[in-house]
Amino acid sequence: EETKKAVTAKLGEKNLGGEKVQYKLRDWVFSRQRYWGEPIPIYFPIKFEDEGKADLDPKVDAHEIDYDTPIAVSEDELPLRLPEMDDFRPGDDPSGCLARNLEWRYFQKDGVWYARETNTMPQWAGSCWYYFRFTDPKNNDEAFSKTADEHWMPVDLYIGGSEHAVLHLLYARFWHQVLYDAGFTKHPEPFQKLIHQGMILGSDGEKMSKSRGNVVNPDDIVNDNGADALRLYEMFMGPLEAVKPWQTAQVTGVVKFMNKLYRTVRDSKDVEMDDETKKILNKTIKKVTEDIESLSYNTAISALMVLVNHLASLEEGCPKEAAESVALLVSPFAPHLGEECWSMLGHKESLAYHPWVTYDDKYLVDDTVKMGVQVNGKTRGEIEVSMEASQDEAVELAQGVEKVQNFLDGKKIIKVIFVPGRILNIVAK
């Protein structure tokens, strides 16, 4: 980036080029011919065919609307609200259903008749700035206060598909720039971080479409397996940004995991945790915590599966202390399961009010480590040694491995390359 700026500056100095911003935009069709949407606060003059007639009324007298002379509704008359209508089906009039509500469409001002715009705004009108309103939703005096803007903005994370980059994200930034220039917000940009979530394809690997018959109805998954199973499977499918095919049969694996977790917590006992369990639990807490922050949900769930398998295998049963941590750890992914387990452990209040689990650094360090053993640069076996093992101790353990010994028989060790916890390479002739 710095090189680009330097080259551009140099070209400018020599009058051979310069910096230029080039925009490629398509027209934004902002109007909709439907009822639901913000009314567009514009109205137009009316020209009657028989101007000499007394008591002219556009609801009954022939007229023409002068669309070439739009007039903005004054600020003190805002907001312009939709009229109550019993029938807001589209109908045959391309002007939209609001054109049928003559009492709302036509009005007099200073004795002159006007006609309101009958198109409504699209959903963009609200969604391009709704993140501001969320910061101050009960403010009846202004859209949002400067205090709310300073406290909440900018938005920490924007998650949207790639199509958002040329639609909502682009237009929201346009609106934000206008609000920034007008002094409504002190933040020049609305969003701090952008993540594109991958598309979930049909089981045939194609984009879900009714015409292809590969659409998966999430309601069916919820009815058969529960909302938690749907949430867990969607997050376990793969990285958030990846494009992934849906496989309904694989939901079964997630359901089995949920059932095992439930049984493990249900059967937990007041027993002490051994050192191995403490290490696995603390490593899992660290892994899940960091993965949630980085939106790596699939690997977080994978770590939970490993932990639950370990706890379920303990002969003395799962310690209740570990079970409580499991209930908290699973709750962001399967909130109903988490709450059920939390209640089963004797808690009266929702786990939502309990602090998030923390890990102890001292249990993150392994006492032993597995190392590959090389003979003349090729891996011939593996040993598990203490992190503090000396070179001689590591070589002695290696010589006890049958495969390593086979490549050392009849040879003299002339050199050993040893990096504690990482490398053991025996050079022999």
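Read on for a plain summary of the structure. Quick caveat: nothing in here was measured; it's all calculated off a predicted structure.

**A look at the overall build of the chain**
Argument step 1. Along the backbone of the chain there are 15 helices and 13 strands.
Argument step 2. Relative to its length of 429 residues, the chain is extended, with a C-alpha radius of gyration of 34 Å against a globular reference of 22 Å.
Argument step 3. By principal-axis analysis of the C-alpha atoms, the chain measures approximately 120 × 75 × 50 Å.
Argument step 4. Counting over 429 residues, the chain shows a buried share of 35%.

**Some remarks on a negative patch on the surface**
Argument step 1. A cluster of acidic residues, Asp-274, Asp-275, Glu-276, Glu-315 and Glu-316, forms a negative patch on the protein surface.
Argument step 2. In this structure, Asp-275 sits in helix H10 (residues 275-293).
Argument step 3. Here Asp-275 falls in the exposed class, since its relative accessible area comes to 52%.

**Examining the side chain of Asn-282**
Argument step 1. Within the element layout of this structure, Asn-282 appears in helix H10.
Argument step 2. Looking at Asn-282, the relative accessible area reads 9%, which means it is buried.
Argument step 3. Apart from the residues lying within four places of it in its own chain, the contact partners of Asn-282 are Thr-358, Tyr-359, Asp-360, Tyr-363 and Leu-364.

**Remarks on the sheet that holds strand E10 (residues 368-375)**
Argument step 1. A sheet is described by the order of its strands in space; here four strands give the open sequence E11-E10-E13-E12, paired in mixed fashion. In this open sheet, the two strands that pair with only one neighbour each are strand E11 (378-386) and strand E12 (413-419). Ignoring strand direction, the axes of neighbouring strands in this sheet form an average angle of 20°.
Argument step 2. As judged from the six bridges shared by E12 and strand E13 (residues 423-428), these two strands associate in the antiparallel manner.

**Thoughts on helix H1 (residues 2-13)**
Argument step 1. Spanning 12 residues, H1 covers 17 Å between terminal C-alpha atoms, matching the ideal 16 Å at 1.5 Å per step.
Argument step 2. A positive phi of about 55° marks Asn-15, the residue just after H1.

**What to know about the nonpolar core**
The nonpolar side chains of soluble globular proteins are, as a tendency, buried together.
Argument step 1. Core analysis: the biggest nonpolar cluster contains 43 residues, and Leu-232, Phe-257, Leu-261 and Phe-333 have the highest contact counts within it.
Argument step 2. Of all elements in the fold, only helix H8 (227-236), helix H9 (251-266), H10, helix H11 (297-313), helix H12 (320-330) and helix H13 (335-344) reach the threshold of two or more residues within this core.
Argument step 3. Filtering out sequence-adjacent residues up to four positions away, Phe-333 remains in contact with Asp-228, Arg-231, Leu-232, Met-235, Val-288, Ile-292, Tyr-297, Ala-300, Ile-301 and Leu-304.

**Quick notes on the pairing of E13**
Argument step 1. Summarising the sheet, E10 and E13 pair through three bridges and their orientation is parallel. Bridge pairing links Val-373 to Leu-424 in E13.
Argument step 2. Hairpin connection between E12 and E13: a loop of three residues separates the two successive antiparallel strands, and Gly-421 in this loop has a positive phi of roughly 80°.

Calculation rules
- Residues numbered from 1 in each chain as written.
- Predicted model: local features only at pLDDT ≥ 70, side-chain atom pairs only at ≥ 80, totals over all residues.
- Heavy atoms only, no water.
- Helix = DSSP H or I, 4+ residues; strand = E, 2+ residues; numbered from the N terminus.
- Rg over C-alpha atoms; globule rule 2.2 N^0.38 Å.
- Buried < 20%, exposed > 50% of the residue type's maximum accessible area, 1.4 Å probe, protein only.
- Patch = residues over 30% accessible without salt bridge, like charges linked within 9 Å, V, L, I, M, F, W, Y side chains within 5 Å.
- Areas by Shrake-Rupley, 256 points an atom, 1.4 Å probe, with all protein chains shown as cover.
- Salt bridge = Lys/Arg side-chain N within 4 Å of Asp/Glu carboxyl O.
- Lys, Arg positive; Asp, Glu negative; His and termini not counted.
- Charge placed at Lys NZ, Arg CZ, Asp CG, Glu CD.
- Contact = heavy atoms within 4.5 Å.
- Pairing = 2+ DSSP bridges.
- Axes fitted to C-alpha atoms, helices over the stretch in contact; angles between N-to-C directions.
- Expected span 1.5 Å × (residues − 1).
- Core = buried A, V, L, I, M, F, W, Y, C linked by side-chain atoms within 4.5 Å.

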